[in-house]
Amino acid sequence: MMGRGELTDLTSCRALFALWVFAYHVNLQVEYAHWLGPFAPVVEHGYLGVDGFFILSGLILTRVDADTPFTVRGALRFWGKRLARIYPVHIAVIALLGALFLAGIAAGIPPREPARFAGFALLCHLALVQGWGTLDHWAWNYPSWSISSEWAGYLLFPLLIACYRVFYKGALAISLPLCFSILATVADIHGGLNLTFGGSLLRFFPEFIAGMATTAFIPFIADEAPNRIIALAGAALAVAFAATGHDAMTVLGLWLMLYGLAMQGDAERPASIGAIRPLRAMGVISYAFYMSFAPAELLTTQFFRHLGIARAAAPLAVASMLAALTLGLAVLLHVLIEKPARIALNRRFDPSRAAALAAGSVAL
């Protein structure tokens, strides 16, 4: 089994995935992708950055929590650690959106989409089931549909890891091809993998389990494999297939990139993209960054709406404001809420992880 320390290359991958998703959402606002010529589809398929997170989640969780016992106490402890990871920021962003909604009403600025702030949708978000088919529209902090999907994986993880321990060789032999076959079928049926509400679990579980299965055989060849070349080939494949609109094959490229970088770390070789400090720093706050886009988008669109300026008429100003607000809010959420909450809660559930977090490590 792989060691438990942080692999900085994988932390930097979080930054790449978050920035890719951000580029996709900015393009939805200002439609800049056509300026990039043949690379426009890469931005337009930026929603696949979330799929990279799903694979990475299964890989790292199996790496650091493979000893989770299949008992009530073991499951509760694991779920407590996972909630400590995702829930404080989730609640903080919902509270911020609620405050913005009320402030807008008080100022006579009604929301363009009142259904986005419906009470039932709020209950679904608080229960982390908004991505399980309970909603048919984006609401509240809409990017958190993926966090809801992750929560479904966390709930099943104690069972999945118990099966993984029993069927170790089976996981090696059949899990990966089966997962990618299912993913390709889902993409073919739905015309791609941009599934959020009712279909999010269809893309999540094959990728999450593929990440789990990958951990089984990384140590076998990590010392001999050309890991950087494998990672580079995976990244190139991901870009090429994203540019040609093949979602499932793009995810396969992302998996190959993560596989190569994970082997690089397991073999204790020098980090590649993990050595780029700004990228690793972005990876550290990537969750807060991802969760900050909705309030940043709300403030930006209302600001330009109040000025009477169409977003298409000022794309650079809109994109700059979105980037500044998202990054600024992400830093505040990470420093004031995410990190302190994780450290405090993990002192109860996992003291060694709390110490690692306090020291600056982010092993999920």
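Everything that follows concerns the structure shown earlier in this document.
Computed from a prediction, not measured in an experiment: that's the story for all the values here.

A closer look at empty space enclosed by the protein
Scanning the entire structure with this criterion turns up four cavities of 30 Å³ or more. Its volume calculated, the largest cavity comes out at about 300 Å³. Lining of the largest cavity is provided by 18 residues; of these, F53, R85, I147, E150 and Y287 occupy positions nearest its centre. Listed by contribution, the elements that provide at least two residues to the lining of the largest cavity are α3 (49-65), α4 (72-106), α7 (145-166) and α13 (286-291). Taken together, the residues of the lining of the largest cavity break down into 11 nonpolar, three polar and four charged.

Comments concerning the state of the cysteines
Considering all chains together, one arrives at zero disulfides under this definition. Here C163 stays free of any disulfide, with the sulfur of C179 as its closest cysteine sulfur at 13 Å. Judged by relative accessible area, C163 falls into the partly exposed class, the value being 35%.

A few points about the packing of helix α1 (residues 8-30) against α3
Here α1 crosses α3 at 155°, and the two axes come no closer than 8 Å. Classified by the angle their axes make, α1 and α3 are roughly antiparallel. Crossing of α1 over α3 shows left-handed handedness. Contact with α1, carried on its side by L10, R14, F17, A18, W20 and V21, involves G49, V50, G52, F53, L56, L59 and I60 of α3 and no other residues of that element. Taken together, the residues of the contact of α1 with α3 break down into 10 nonpolar, two polar and one charged.

Things to note about unusual backbone geometry
With a phi angle near 50°, E31 is a residue other than glycine that sits in the positive phi range. Looking at where E31 falls in the secondary structure, it is placed in the loop between α1 and α2 (40-44). The phi torsion at E268 lies on the positive side, around 60°, for a residue other than glycine. Of note, E268 is situated in the loop between α11 (247-266) and α12 (277-284). Overall, the relative accessible area of 74% leaves E268 in the exposed class.

What counts and how
- Residues numbered from 1 in each chain as written.
- Predicted model: local features only at pLDDT ≥ 70, side-chain atom pairs only at ≥ 80, totals over all residues.
- Heavy atoms only, no water.
- 1 Å grid on protein atoms, 1.4 Å probe; cavity = no way out; pocket = protein on both sides within 12 Å on 5 of 7 lines; lining within 4 Å.
- Points joined across faces, edges and corners; volume = space filled by probe spheres on them.
- Helix = DSSP H or I, 4+ residues; strand = E, 2+ residues; numbered from the N terminus.
- Nonpolar A, V, L, I, M, F, W, Y, C, P; charged D, E, K, R; others polar.
- Disulfide = S-S within 2.5 Å.
- Buried < 20%, exposed > 50% of the residue type's maximum accessible area, 1.4 Å probe, protein only.
- Axes fitted to C-alpha atoms, helices over the stretch in contact; angles between N-to-C directions.
- Parallel < 35°, antiparallel > 145°, perpendicular 65-115°, else oblique.
- Left-handed = near helix turned anticlockwise from the far one by under 90°.
- Contact = heavy atoms within 4.5 Å.

Functional significance is not addressed by these values, which are geometric in nature.
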